[in-house]
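Spelled out from the first residue to the last, the chains are:
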Amino acid sequence: MLSKDWDQRKKQYDFIIIGSGYGAAINAARITAANSKPSVCILERGKEWEVGKFPDNLLEVQQAVRHDVFNPTGLYDFQLFPDVTVMKGSGLGGTSLINANVAIVPDEETFQQLAWPKNIKLPELTPFYDKARTMLGAKPHKRGTAADANAFLKVKGLDKRAQEIGTREYALNIVVTQEDGKNAAGFDQKACVDCGDCVTGCNVGAKNTLYMNYLPTAHKQGCDIFTKVEVKWIEKLATGGWRVHGVRYKTLGSDDFTLDARHVILSAGSLGTPEILLRSEMHGLSLSPKLGTQFSGNGDFFAMAYNTDHQLNTIGFPGKKTNHEWAKRGNAPGPSIVGAVYYGSKDAPLDKRILVEDFSFPSSYLNLAMGALRLFGRAGEDMDFGDEKQERKRMDKDVAWNLYKENDGALNHSMLYLIMGHDDAQGRLHLKHENGHVEIDWDDAGRQQVFNLINEEIRRHARSLGGTFLTNPLWSITPTKNLLTAHPLGGAPLGDDYQHGAVDEFGRVFAGDGSIHDGLFVA
C-alpha cells in the first residue's frame, strides 16, 4: 500500500498536492527528487485500489459508483449536466485507473491557436512528452496494426473503412505492459492478457496507471500519500503560505480538517480544480475572471456499428481468469483501445480533423449491453439489406446467462467507437453557493458541426461493416443534444496574463489584479 494512515500526517508541509492524477503524480515524483528534500504530501479524495481488487461484474461496478452522500470515495464518477456528461475516475491514480490507455501527442497546430500562451509550442514540449512516454511505457500493441496477419479483428474492422477513403488504420501508443518484468520506474508488472477490461480497472497489473510508476516513485522518495481526503477550499494566510480546508472520510461519517503548506499544487482535474478555486474565491481569494472558462469535452463522441457482417472480437472477459474460455478460443479483444483512423492533414483546419478509435466492451457491462441492444438495436439504422435472417440469428445467440457460449453473436459482431475532434471550448463552470458543486453552462455544445461530421462518418463505418448504425442516445434524444466526454479539459485555462488565463504558462495562479499568487499552482 502506498497511502499512510491519516494520523501520520505532519502539521505542515512544504508542498501539498491536491489530487493524484497525472499533474499531481508527476509533480510529486519530481519535487521529492529535489536535493533540498522538501516535505510533500498528496491528498486524494478516492480510495487506494490494489491490483486484483477492481470490480469485475455489474453489481461490483454499481457499488463502486461515486455518490456525494452514499459513496463519496467511489471509483467511477459520472457527472450529468444539461449540455454534457462527464466520466472520470476517483481513486489513488485518478482517471489513469480506468482510462483507455491511449497516449497521443497533439498536432503541432493545436498549440498555434490564439488561446495558448505564446511560449507554449510543441517543440518546447516535445522533450517532456518523451519523458512521460518512457516512464508510462507508451508503445503500440504488437497486434495493433491491421495490415499484420495476426492483428486483432477489431482493428481489421476499423481498417475496412480506412481503406475505402485511401488510408489505413494504425496502432496507437498505449500505456500497457506487454511482457512480465520491471517497468521504467523499476517496479514489477505483469503482461497484458488482452481481456479488454481496462476501463473498469486492471486486475492483472498490466495497465500502466500512475499507481505503477510516478506514485510509487514519489512514495519511495518520501512523499506522504493520504486517501479518502477531499479538499473543499484553500485560504491564503496573512503570514505567508496556504491553509487547506477539507473533510476526511471515515467508515462512518467524516471529520473536517485544515492543513498548512508553503506551496499548494491543485491537480484535481478540469472540474475539481476550478471547483476548489471558485469556492475559495467565495471565501475571499482574489482570482482571474478567466477562472471557469474555456471548458472543453475534447471533441469526444461515442457511436456504434451493431451486429455487423464481421466477427470483431470486441467482448471483454474478466482479467482475473487468465485461462478464460474466450481467450482460449482466440477471441481476446485486446486492450480497450488499440488502433485508430486519422482524418485530416497539416493543411486541414483543426475543426475538420478527427480520430476514430476502436473500443472493447468491458466484461462487467456485457449483460447490460446485450439486454439493451436486443431491445433497442433494431431502432438503429440498418446499413445493409437482404441479411435480416442472419442478423436475427446472431441476436438470438446473445444470452445473458451464457455470455461466452457463441463466438459469432450480435455483440461480438459489433464495434463501439470513441471519436475525438476539436470542439469550441466555450463551456463555462460556475458555483451557485460555496457548499455546492461546479456546474457547466455550454449552450449548443452538441449542435456544433464537428459532431454532425463525426456522426456521419461513423454511419459510413457501419455501412462498410454491414451493421446497424447507433449513435450516442444522449446526443440523439435529449433536447440539448447532450455530449458524453471521458476527457474534460479547461476550466483553469493558461494565458499570457490574467485577462487571458486563470494561470500563466508555468501553472502559477493569477490574482484578480493581474499579480501572481506566491506558492499557488495548477497542474
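Residues numbered from 1 in each chain as written. Predicted model: local features only at pLDDT ≥ 70, side-chain atom pairs only at ≥ 80, totals over all residues. Heavy atoms only, no water.

Attention now moves to the packing of aromatic side chains. Inspection of every chain in the model, using the stated rule, returns nine aromatic pairs. An angle of 10 degrees between the planes, with centres 5.6 Å apart, marks the rings of Trp-49 and Phe-54 as stacked. In terms of burial, Trp-49 and Phe-54 fall into one category: buried. Taken together, a centroid distance of 6.0 Å and an interplanar angle of 90 degrees make the contact between Phe-295 and Trp-442 edge-to-face. Taken together, the positions of Phe-295 in the loop between helix H6 (269–282) and strand E14 (301–306) and Trp-442 in the loop between strand E20 (439–441) and helix H10 (449–465) put the pair 147 residues apart, joining distant regions of the chain. According to the relative accessible area criterion, Trp-442 is buried, its value standing at 1%. (Phe/Tyr/Trp six-rings, centres within 6.5 Å; stacked < 30°, edge-to-face > 60°. Buried < 20%, exposed > 50% of the residue type's maximum accessible area, 1.4 Å probe, protein only. Helix = DSSP H or I, 4+ residues; strand = E, 2+ residues; numbered from the N terminus.)

Turning our attention to the side chain of Thr-314. With respect to the element layout, Thr-314 can be found in the loop between E14 and helix H7 (325–328). The contacts of Thr-314, once residues within four sequence positions are left out, are Lys-154, Pro-333, Phe-359, Ser-360, Phe-361, Leu-411, Asn-412, Ser-414 and Met-415. (Contact = heavy atoms within 4.5 Å.)

For the second largest pocket, the calculated volume is near 250 Å³. Considering the residues around the second largest pocket, the lining is formed by 17 residues, among which Lys-139, Thr-177, Glu-179, Lys-182 and Asn-183 are closest to the centre. Contributing elements (two or more residues each) for the lining of the second largest pocket: helix H3 (122–136) and strand E8 (181–182). Residue contributions to the lining of the second largest pocket peak at three residues, all from H3. Here the lining of the second largest pocket is composed, by residue class, of four nonpolar, nine polar and four charged. (1 Å grid on protein atoms, 1.4 Å probe; cavity = no way out; pocket = protein on both sides within 12 Å on 5 of 7 lines; lining within 4 Å. Points joined across faces, edges and corners; volume = space filled by probe spheres on them. Nonpolar A, V, L, I, M, F, W, Y, C, P; charged D, E, K, R; others polar.)

Attention now moves to the state of the cysteines. A full pass over the atoms with the stated rule returns zero disulfides. Counting only cysteine sulfurs, Cys-223 is the nearest neighbor of Cys-41, a cysteine outside any disulfide, at a range of 6.9 Å. Cys-198 supplies the cysteine sulfur nearest to Cys-192, a cysteine that is in no disulfide, at a spacing of 6.1 Å. Given the relative accessible area of 22%, Cys-192 is considered partly exposed. (Disulfide = S-S within 2.5 Å.)

In this section: the packing of helix H4 (residues 153–164) against H10. Packed helix pairs are specified by the crossing angle of their axes together with the interaxial distance, meaning the distance between the axes. Where H4 contacts H10, the axes come no closer than 9 Å and their chain directions differ by 105 degrees. Comparing the axis directions of H4 and H10 gives the class roughly perpendicular. Here H4 contributes Gly-157, Leu-158, Lys-160, Arg-161 and Glu-164 to the contact with H10, which in turn contributes Glu-457, Arg-460, His-461, Ser-464 and Leu-465. Tallied by class, the residues present in the contact of H4 with H10 amount to two nonpolar, three polar and five charged. (Axes fitted to C-alpha atoms, helices over the stretch in contact; angles between N-to-C directions. Parallel < 35°, antiparallel > 145°, perpendicular 65-115°, else oblique.)

Time to look at the nonpolar core. With 63 residues, the main nonpolar core has Ile-16, Leu-43, Ile-234 and Val-264 as its most contacted residues. If sequence neighbours within four positions are ignored, Ile-234 has contacts with Ile-18, Arg-243, Val-244, Val-264, Leu-266, Leu-277, Ser-280, Leu-285 and Leu-520. (Core = buried A, V, L, I, M, F, W, Y, C linked by side-chain atoms within 4.5 Å.)

Here the focus is empty space enclosed by the protein. Evaluation of the coordinates by the stated rule reveals five cavities of 30 Å³ or more. There is about 80 Å³ of room inside the largest cavity. The class makeup of the residues in the lining of the largest cavity is eight nonpolar, no polar and two charged. The residue inventory of the lining of the second largest cavity, partitioned by class, reads seven nonpolar, two polar and one charged.

Another aspect to go through is a positive patch on the surface. Taken together, Arg-378, Lys-389, Arg-392 and Lys-393 make up a surface patch of like positive charges. Within the secondary structure layout, Lys-389 lies in helix H9 (residues 388–396). By relative accessible area, which is 55% here, Lys-389 ends up exposed. (Patch = residues over 30% accessible without salt bridge, like charges linked within 9 Å, V, L, I, M, F, W, Y side chains within 5 Å. Areas by Shrake-Rupley, 256 points an atom, 1.4 Å probe, with all protein chains shown as cover. Salt bridge = Lys/Arg side-chain N within 4 Å of Asp/Glu carboxyl O. Lys, Arg positive; Asp, Glu negative; His and termini not counted. Charge placed at Lys NZ, Arg CZ, Asp CG, Glu CD.)

Spatially, the seven strands line up as an open sheet ordered E6-E15-E16-E18-E14-E21-E17, and their pairing is antiparallel. Looking at the sheet topology across the chains shown, the edges are occupied by strand E6 (170–171) and strand E17 (381–382). Note: strand E16 (residues 354–359) against strand E18 (residues 415–420), five bridges, orientation antiparallel. Residue pairing in the sheet places Glu-357 in a bridge with Leu-418 of E18. (Pairing = 2+ DSSP bridges.)

Once that is clear, we can look at the pattern of salt bridges. Inspection of the entire model under this criterion finds 33 salt bridges. Asp-68 is the salt-bridge partner of Arg-66, the closest N and O atoms lying 2.9 Å from each other. Its relative accessible area of 36% is what places Asp-68 among the partly exposed residues. For Arg-374, the salt bridge identified is with Asp-396, shortest N-O distance 3.9 Å. On the criterion of sequence distance, the pair formed by Arg-374 in helix H8 (residues 366–376) and Asp-396 in helix H9 is long-range, its members being 22 residues apart. Residue classification places Arg-374 among the partly exposed positions, given a relative accessible area of 35%. Look at the salt bridges and you will find they share partners, linking Arg-66, Asp-68, Glu-230 and Lys-232 into a network.

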